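# Summary of the model geometry
Spelled out, the chains give:
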Amino acid sequence: MATASSSLSEDQFLCSICLDVFTDPVTTSCGHNFCKNCITQHWDTENQYLCPMCKKVFRTRPELRVNTFISEMVAQFRQSAQQKASSSSSQQQAAKPGEVPCDVCTGTKLKALKSCLVCLASYCETHLEPHLTISGLKRHQLMDPVENLEDRMCTKHDKPLELFCKTDQTCVCMLCTVLDHKTHDVVPLKEACEEKKAELGKTEAKIQQMIQKRQLKIQEIKRSVSLSEENANREIAEGVQVFTALIECAERKLNELMDTIQVKHRTTENQAEAFTKELKQEIFELMKRSTEVKQLSYSEDHLHLLQSIQSLNVAPPTKDWTEINIHPPSYEGTVVRAVSQLEETLSKEIKKLLEAELKRVQQYAVDVTLDPDTAHPELILSDDGKEVNHGDVKKNLPDNPERFSTGLCVLGKQSFSSGRSYFEVRVKEKTGWDLGVVEESINRKGLVTLSPQDGYWTVWLRNGNEYKALDDLDVCLSLRSQPQKVGVFVDYEEGVVSFYDVDAAALIYSFTGCYFTEKLFPFFNPGLNEGGKNSAPLIIPCVNHTK
């Protein structure tokens, strides 16, 4: 074994992680060897268990045991290396991977102690001695050992690169400063390095800040996903509960419908059965009398015939069936009534859902006030910015870019550019109004076209009872009751704008699939006075959460 180990090189006993001779070597199932501590720490810091050499992924963390065979070979290798080192007069260590080897050593390359910028060579302790003892070599410039010494020499003047040109941002030699870089700002390498280190320190600080921000963003994203999961589970649970109740209700109504129909049918069957039984009994009695009559008609006994005919001429007692009928029961309307009852139940459940939904969106209520700089000159705004109505006199106001010049419109001061927002508007006693949200870049001068294509998501009332959602195609709305208070909800990321009848807890209309790229502002149009018919103001109340 000693002979075999002596023929092996150190590279065969190096851990690919620490680049040093194995310590407690272990072997993975893919056949690669590592120090036990190295592979353990590697897996502790990674998200998955894979081999650093062949990248094989293990589903579970492998159980590691020291490879006694390799461990014995490493021990023998160490012993052999120590014997070689002890036989050397300098007792120096061989250069390890990553260390600079001596350029003079033959055979095993020893670790270099210094590099010479004049000789462009690196020396171990033994071969460095001439530079420390010979007067001519003492003048050579020595430095800590480095590789690729040629890169440290000026390719043009064959002199050491000892200076740094700040003008050209390059390393130069002494001759460069008096020739090519004569007028440039040149400093020693050490000074330039100190400045660069300071810059690197600032860069590192910025990078650390960027890392921290991204780590915080990851936490924020994880919280959002967790919140989304909670909301999804809650919605699923509520949906399952509601639909289960609806299914049970539908099944119950179906069973009731079938029972009703079957009861009617059984009543008819029972009545028919009773009549049939009675008719069969009468038929039996009549057939019996018929037989008696026939027998008497064939009788040759004159006396018996004359004595019996009196009683046989009288028919047995029977019922007059002329007016007696079986009338099939009417099932018309039975299904319709059952469906109507089911519809009523469904309406109640939907109302409960809408009440719960309205309560949720009201949690995103924002305090909206009217912006006088956007108001049309004929509009009258309250001092607190919570009411607006149409005045008959056009005020002399500055025609700023934000102000509407033709439409009787005004915007809220508050804008929505992310998340969810909600506000309410009291529309009681009004015969006409426009409400919704608009993009910041809408046209405020000239004709105002209310459509999503032009940056408007609105609903309106006309003539006291005509409601429309002004979508890409206008949608006429059929409302069960006239809203007294309208709630407006915006989900910026989801692209949703919904309108609610607050008092009835009913959904008026929802714009979905919207794509917002700008700030959104609350939009109000109280409509013309119409001779006092529509003089009531639009009022922005405080949001009272529904019970």
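Please read all numbers here as calculations on a predicted model, not as lab measurements. (Residues numbered from 1 in each chain as written. Predicted model: local features only at pLDDT ≥ 70, side-chain atom pairs only at ≥ 80, totals over all residues. Heavy atoms only, no water.)

## Re the overall build of the protein chain
Scanning the protein chain from N- to C-terminus turns up 9 helices and 23 strands. Taking 2.2 N^0.38 as the reference for a compact globule, 547 residues should give roughly 24 Å; the C-alpha atoms of the protein chain span a radius of gyration of 50 Å, well beyond that estimate. Taken over the C-alpha atoms alone, the protein chain extends approximately 180 × 95 × 40 Å along its principal axes. Across the 547 residues in the protein chain, those meeting the buried criterion constitute 31%. Sequence-distant contacts, at least 24 apart, represent 56% of the contacts inside the protein chain between residues at least 6 apart. Approximately 34,900 Å² of the protein chain is accessible, and the part contributed by carbon and sulfur atoms is 53%. One way to put it: in the protein chain the 64 positive side-chain charges average out to a point 5 Å from where the 78 negative ones average out. (Helix = DSSP H or I, 4+ residues; strand = E, 2+ residues; numbered from the N terminus. Rg over C-alpha atoms; globule rule 2.2 N^0.38 Å. Buried < 20%, exposed > 50% of the residue type's maximum accessible area, 1.4 Å probe, protein only. Contact = heavy atoms within 4.5 Å. Areas by Shrake-Rupley, 256 points an atom, 1.4 Å probe, with all protein chains shown as cover. Lys, Arg positive; Asp, Glu negative; His and termini not counted. Charge placed at Lys NZ, Arg CZ, Asp CG, Glu CD.)

## Regarding helix 2 (residues 36-45)
Along helix 2, the residues that are buried comprise C38, I39 and W43. Viewed along the axis of helix 2, the buried residues span an arc of 125°, placing them on a single side of the element. Turned more than 90 degrees off the buried face of helix 2, the exposed positions are D44 and T45. Where helix 2 is buried, its residues meet strand 1 (25-27), strand 2 (33-35), strand 3 (49-50) and strand 4 (57-58). (Arc of directions from axis to C-beta.)

## A closer look at the packing of helix 7 (residues 189-297) against helix 8 (residues 302-312)
In a pair of packed helices, the angle between the axes and the distance between the axes together describe the arrangement. Between helix 7 and helix 8, the least distance of the axes is 11 Å, while the angle of their chain directions is 155°. As summarised for this structure, helix 7 and helix 8 are arranged roughly antiparallel, according to the angle between their axes. Every pair of crossing elements has a handedness; the one defined by helix 7 and helix 8 is left-handed. In contact with R289, E292, V293 and L296 of helix 7, helix 8 contributes H304, L305, S308, I309, S311 and L312. Class assignment of the residues belonging to the contact of helix 7 with helix 8 gives a composition of 5 nonpolar, 3 polar and 2 charged. (Axes fitted to C-alpha atoms, helices over the stretch in contact; angles between N-to-C directions. Parallel < 35°, antiparallel > 145°, perpendicular 65-115°, else oblique. Left-handed = near helix turned anticlockwise from the far one by under 90°. Nonpolar A, V, L, I, M, F, W, Y, C, P; charged D, E, K, R; others polar.)

## Side note on the nonpolar core
In this structure, W433, V437, V497 and F524 are the most contacted members of the largest nonpolar core, which totals 35 residues. Within the residue set of this core, elements represented by two or more residues are strand 14 (420-426), strand 15 (433-439), strand 16 (456-462), strand 17 (466-470), strand 19 (485-491), strand 20 (496-501), strand 21 (506-511) and strand 22 (520-525). The contact partners of V437, leaving out residues within four places of it in the chain, are F416, F423, G455, Y456, W457, V488, V490, V497, L520, F521, P522 and F523. Listed in part, the 18 residues of the second largest apolar core include F13, C15, F34 and C35. (Core = buried A, V, L, I, M, F, W, Y, C linked by side-chain atoms within 4.5 Å.)

## Re the sheet that holds strand 7 (residues 142-143)
With antiparallel pairing, 3 strands are arranged side by side in an open sheet as 6-5-7. The sheet terminates laterally at strand 6 (121-123) and strand 7, the two strands that pair on one side only. Docked against the sheet, helix 4 (residues 125-133) engages strand 5 (114-116), strand 6 and strand 7, running at close to 110° with respect to strand 6. (Pairing = 2+ DSSP bridges.)

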